[in-house]
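What follows is the residue order along each chain.
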Amino acid sequence: MEALITPFSSPLTSISHKPPSSSSFPPLTTTPFFSRKPHKHLTHRVLNSKFGSFLDLIPENKREPIKFDINWLDPSSTSRFDVVVIGAGPAGLCLAERVARNGIRVCCVDPDPLSMWPNNYGSWVDDLSALDLDDCFDKTWPMASVHIDDHNTKYLDQPYGRISRKMLKMKLLGGCVSNGVKFHKAKVWKVDHQEFESSIVCDDGNEFKASLIVDASGFASSFVEYDKPRNHGYQIAHGILAEVDEHPFDLDKILLMDWRDSHLGNEPLLRVNNSRLPTFLYAMPFDSNLVFLEETSLVSRPALSYGEIKSRMVARLRHMGIRVKRVIENEKCVIPMGGPLPRIPQSVMGIGGTAGLAHPSTGYMVARTLALAPILAESIVECLGSTRMIRGQPLYHRVWNGLWPTEKKLTREFYTFGMETLLKLDLKGTRSFFDAFFKLNPEYWHGFLSSKLSLVELGVLGLSLFGHSSSSSKLDIVTKCPVPLVKMMANLVVESL
Ligand SMILES: Cc1cc2nc3c(=O)[nH]c(=O)nc-3n(C[C@H](O)[C@H](O)[C@H](O)COP(=O)(O)OP(=O)(O)OC[C@H]3O[C@@H](n4cnc5c(N)ncnc54)[C@H](O)[C@@H]3O)c2cc1C
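Residues numbered from 1 in each chain as written. Predicted model: local features only at pLDDT ≥ 70, side-chain atom pairs only at ≥ 80, totals over all residues.

As annotated in an unreviewed UniProt entry, the protein carries the name Lycopene cyclase, beta/epsilon and comes from Cynara cardunculus var. scolymus. Per its UniProt entry, the protein bears the Pathway (unreviewed entry) comment "Carotenoid biosynthesis." Recorded in UniProt under Sequence similarities (unreviewed entry), the annotation for the protein is "Belongs to the lycopene cyclase family." (UniProt positions renumbered as here; feature names shortened; annotations may be inferred.)

## Some words on the sheet that holds strand β7 (residues 152-156)
As summarised here, the arrangement of the seven strands in space is β7-β6-β14-β15-β16-β13-β17, forming an open sheet in which the pairing is mixed. Each of the sheet's edge strands pairs with one partner strand only, and the pair in question is β7 and β17 (324-337). Within the sheet, the average angular offset between the axes of one strand and its neighbour, ignoring direction, is 20 degrees. Judged from the five bridges that link them, strand β6 (residues 143-149) and β7 form a sheet pairing that is antiparallel. In the sheet register, H147 faces β7, and the bridge partner there is T153. Lying on the sheet, helix α6 (residues 306-320) is in contact with β13 (233-244), β15 (280-285), β16 (290-300) and β17; it crosses β13 at an angle near 40 degrees. Running over the sheet, helix α10 (residues 427-437) touches β6, β7 and β14 (253-258) and is turned about 140 degrees from β6. (Pairing = 2+ DSSP bridges. Helix = DSSP H or I, 4+ residues; strand = E, 2+ residues; numbered from the N terminus. Axes fitted to C-alpha atoms, helices over the stretch in contact; angles between N-to-C directions. Contact = placed C-beta atoms within 7 Å.)

## Some words on the environment of I86
Topologically, I86 is positioned in strand β2 (residues 80-86). Residues I86 and P111, spaced 25 residues apart in sequence, show a C-alpha to C-alpha distance of 9.7 Å. Contact partners of I86, with chain neighbours within four places excluded, come to V109, V188, I200, I213, V214, D215, A216, S217 and F223.

## A closer look at the nonpolar core
Within soluble globular proteins, side chains that are nonpolar generally end up buried alongside one another. In this structure, V83, V84, L95, V106 and I380 are the most contacted members of the largest nonpolar core, which totals 132 residues. The element best represented in this core is helix α7 (residues 366-384), accounting for eleven residues. With near-sequence residues (within four places) excluded, L95 lies in contact with V85, V214, A216, I351, A373, L376 and A377. (Core = buried A, V, L, I, M, F, W, Y, C linked by C-beta atoms within 7 Å. Buried ≥ 20, exposed ≤ 12 C-beta atoms within 10 Å, placed from the backbone.)

## A few points about the sheet that holds strand β4 (residues 122-124)
Judged by pairing direction, the sheet is antiparallel, and its three strands sit side by side in the order β4-β8-β5 without closing on themselves. What marks the edges here is a single partner per strand, and that holds for β4 and β5 (137-141). Strand after strand, the sheet turns through a mean of 25 degrees between neighbouring axes, direction not considered. In terms of strand pairing, β5 meets strand β8 (residues 160-163) through four bridges, oriented antiparallel. Following the sheet pairing, F137 is matched in β8 by I163.

## Concerning the pairing of β16
Among the eleven residues that make up β16, ten are buried, leaving the element largely enclosed by the rest of the structure. Where β13 lies against β16, nine bridges are found, and the strand directions are antiparallel. Residue pairing in the sheet places H238 in a bridge with E295 of β16. As paired elements, β15 and β16 share six bridges and run antiparallel to each other. Opposite L281, over in β16, you have E295 as the bridge partner. Between β15 and β16, which pair antiparallel one after the other, the connecting turn spans four residues.

Here it is, written out as structure tokens:
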């Protein structure tokens, strides 16, 4: 399933791209304008609200390409590399840089290597600090908050940040340039494998050969193969970076999840649906008028309708008194979560969205991918480095098992069980779950969200979570989750054999 991003279009305005202090957002104009068109997903009631609907505002921002001198490949001079990386997203660039650091010849192929990444990335600050990337946030908040319901709010003493796409991409491109990575602007159409060598064919007709092809082309990849049915859950969300009249959010806190549903009081149908398949609001307040807002279905299978999510968001913002004056950017977020890993090993290597690295219960992936790229790079270098000459099947075996050693596959089973549990919970169950989850020792809830817990720690977390759960939650887990639990246990046994 493709991560669909609505392209930003700006037929109505030209924006100076001089950044406001400490952020990379375009400046807010003093004269707000409204460009409205009827929206097919809105119910009559929501459309007639006194605030109108932000859905009809046209996103203004054009994603300007990054200006950076990279080493473009001259296809007539070289067509053979040690490694070809498909995709210049966070995963592809980070891996290309790390592999090339060791003298391995790397080419990265992407339809537009200098384009600005489209997604809004958030991360716990310490996850990027551990990678020496603290300078890649354009805004951080010292705390996070979670509204379980109208009477229960959790404050999490854990700094969170919005990743600066521009800074991170420039940093990774800089590393690629210093280490001699070549870039080719094209879309890869086809990947072929021989015994000790693979090749790609691009849409411009160029063909390149390499000892290893790494597919970093994101969730929609068709190059990586699966040998089990792909029963993913889906995170689906609608997000906007908006200029608003005012908003109720504390400027020193990221709102991680707002599970309140009082905004649906006058929307019986939306309320019933939300009780069954709940969505929450995620909000990054940048200042008193600028905020990133995202109505999110944490996980659903099949994916919750995008129109339903937008209608709920309209009702929520109206209830909160948030009047959107401008939509600067919008994003449609679809993240496949959980499901099986790709077949291990196989002739094409994966990293990022193609390698099952998205957190099965949260969809987060950037920090984890940036942390794992050096580990994968190390196995590649061990095999392709000057004297070793490990190619073909032994190479594929080493690199896939380097990224997914047994312990990591086992812990992923547990995270996937977390997702399967969430899939079974309605609004009431979800609230009880997160009430208990954020009562855990921060080491556990934070470790879980950052994919850092060992199998033993995950076992302790599971028991402790059960202990903190309300009686109704315990009943929910016991009655609704035996099948996922049995599946997890069976998979744990199979993986550990
Ligand atoms: C809207 C959205 C918001 C997200 N927010 C967060 C977040 O806040 N925090 C977090 O941790 N994770 C988040 N994620 C999850 C995940 O981190 C991102 O999807 C991340 O961008 C994945 O990185 P990637 O490098 O694997 O793939 P991508 O970022 O998708 O990059 C893939 C690259 O490959 C290129 N490509 C595709 N096909 C080809 C081809 N055939 N040939 C050559 N090149 C190709 C694409 O043009 C692109 O440049 C989000 C995901 C989405 C969709």
